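Report on the structure
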Amino acid sequence: MKKSNRRKFLGAAATIFAGTAAASAASLPGQPKYPVVHHVFFWLKNPGSTADRDKLVEGVKTLSKIKTVKELRVGVVANTEKRDVVDNTWAVSELMFFSDLAGQAAYQTDPIHLAFIKNYGHLWEKVIVYDAVEA
């Protein structure tokens, strides 16, 4: 694909994606549905172990049972283009959405979250958390 065509394609795709994401995330026009985002990245102790990765994915999915977690997405590293700005050293990610900061705080001490740490914590070597609120 020529650079010009690729740029046009990527620009169009980004516009469509942004519009779709914005439409699905809003409960009222201009208002985010769940304005608090909790994004966690896990690095495995055994990075080459598909079994450990799958076990951790299984564990992360149990967190969807927590009442204050409004949406949960679980991911693994995508095989995308290697660039200096892309960190693909992690193994599993969780992306959670909350209605408010109180809900995110309640999640931290929820028995399901504490059980997740106890039962699956042996699988990871490193965890990084990014929390954000709608700007």
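Heads up: these notes are all about the structure in this document. Everything numeric in this text was worked out from a predicted model, so none of it was measured. Note that residues are indexed from 1 along each chain, following the sequence as it is written. With pLDDT at 70 or above as the cut-off, local features in this predicted model cover only qualifying residues; side-chain atom pairs require 80 or more to be listed or tallied, and sums for whole chains, interfaces and linings still use all residues. With hydrogens and water set aside, each side-chain value is computed from the structure's full complement of heavy atoms.

A large share of strand 5 (residues 92-98) lies buried, amounting to six of its seven residues. Whether two strands pair comes down to DSSP finding at least two bridges between them. For the purposes of this entry, the term helix denotes a DSSP run of H or I that reaches at least four residues, the term strand denotes a run of E that reaches at least two, and both are numbered from the N terminus. Strand direction decides the pairing type here: strand 3 (residues 36-44) and strand 5, joined by seven bridges, are antiparallel. By the bridge assignment, Val-40 is partnered in strand 5 with Glu-94. Sheet analysis places strand 4 (residues 71-76) next to strand 5, joined by six bridges and oriented antiparallel. Looking across to strand 5, one finds that Val-74 is bridged to Glu-94. Remark: exposure states derive from per-residue accessible area (1.4 Å probe, protein chains only) relative to the maximum for the residue type, with buried under 20%, exposed over 50%, and partly exposed in between.

Attention shifts here to the sheet that holds strand 6 (residues 124-133). Strands sit in the order 4-5-3-6 across an open sheet of four strands; the sheet is antiparallel. At either end of the open sheet lies a strand with only one pairing partner, and these are strand 4 and strand 6. Taking each pair of neighbouring strands and ignoring which way they run, the sheet shows an average axis angle of 15°. For helices, the fitted line uses only the C-alpha atoms of the stretch in contact; every axis is such a line through C-alpha atoms, and the angle between N-to-C directions lies from 0 to 180 degrees.

Let us look at the packing of helix 3 (residues 101-109) against helix 4 (residues 111-120). Where helix 3 contacts helix 4, the two axes come as close as 5 Å, and the packing angle between them is 50°. Regarding the angle of helix 3 to helix 4, the classification is oblique. Contact residues: Tyr-107, Gln-108 and Thr-109 in helix 3; Pro-111, His-113 and Leu-114 in helix 4. Counted by class, the contact of helix 3 with helix 4 contains three nonpolar, three polar and no charged residues. Working rule for angles: under 35 degrees goes down as roughly parallel, over 145 as roughly antiparallel, 65 to 115 as roughly perpendicular, anything else as oblique. Any pair of residues with heavy atoms lying within 4.5 Å of one another is described as a contacting pair. Classification convention: Asp, Glu, Lys, Arg as charged; Ala, Val, Leu, Ile, Met, Phe, Trp, Tyr, Cys, Pro as nonpolar; all other residues, Gly among them, as polar.

A few words now on the packing of aromatic side chains. The criterion for an aromatic pair is that two Phe, Tyr or Trp rings (for Trp, the six-membered ring) have centres within 6.5 Å, with stacked assigned to planes under 30 degrees apart, edge-to-face to planes over 60 apart and tilted to the rest. By the definition in use, this model includes seven aromatic pairs. Judged by centre distance (6.1 Å) and plane angle (80°), the ring pair of Phe-41 and Tyr-130 falls under edge-to-face. In this pair, Phe-41 is assigned in strand 3 and Tyr-130 in strand 6, connecting sequence segments 89 residues apart. Of the residues examined, Phe-41 reaches a relative accessible area of 15% and is grouped as buried.

Looking now at helix 4. All buried positions along helix 4 are accounted for by His-113, Phe-116 and Tyr-120. One face of helix 4 carries all of its buried residues, which in axial projection span an arc of 60°. Turned more than 90 degrees off the buried face of helix 4, the exposed positions are Pro-111 and Lys-118. Two N or O atoms form a polar contact when they lie within 3.5 Å of each other; inside protein one atom must be a possible hydrogen donor and the other a possible acceptor, and for residues adjacent in sequence the pair counts only when both atoms belong to side chains. The distance from a side-chain oxygen at the start of helix 4 to the backbone nitrogen of Ile-112 is 2.8 Å, and the residue carrying that oxygen is Asp-110. By construction, the arc corresponds to the directions joining the helix axis to the C-beta atoms.

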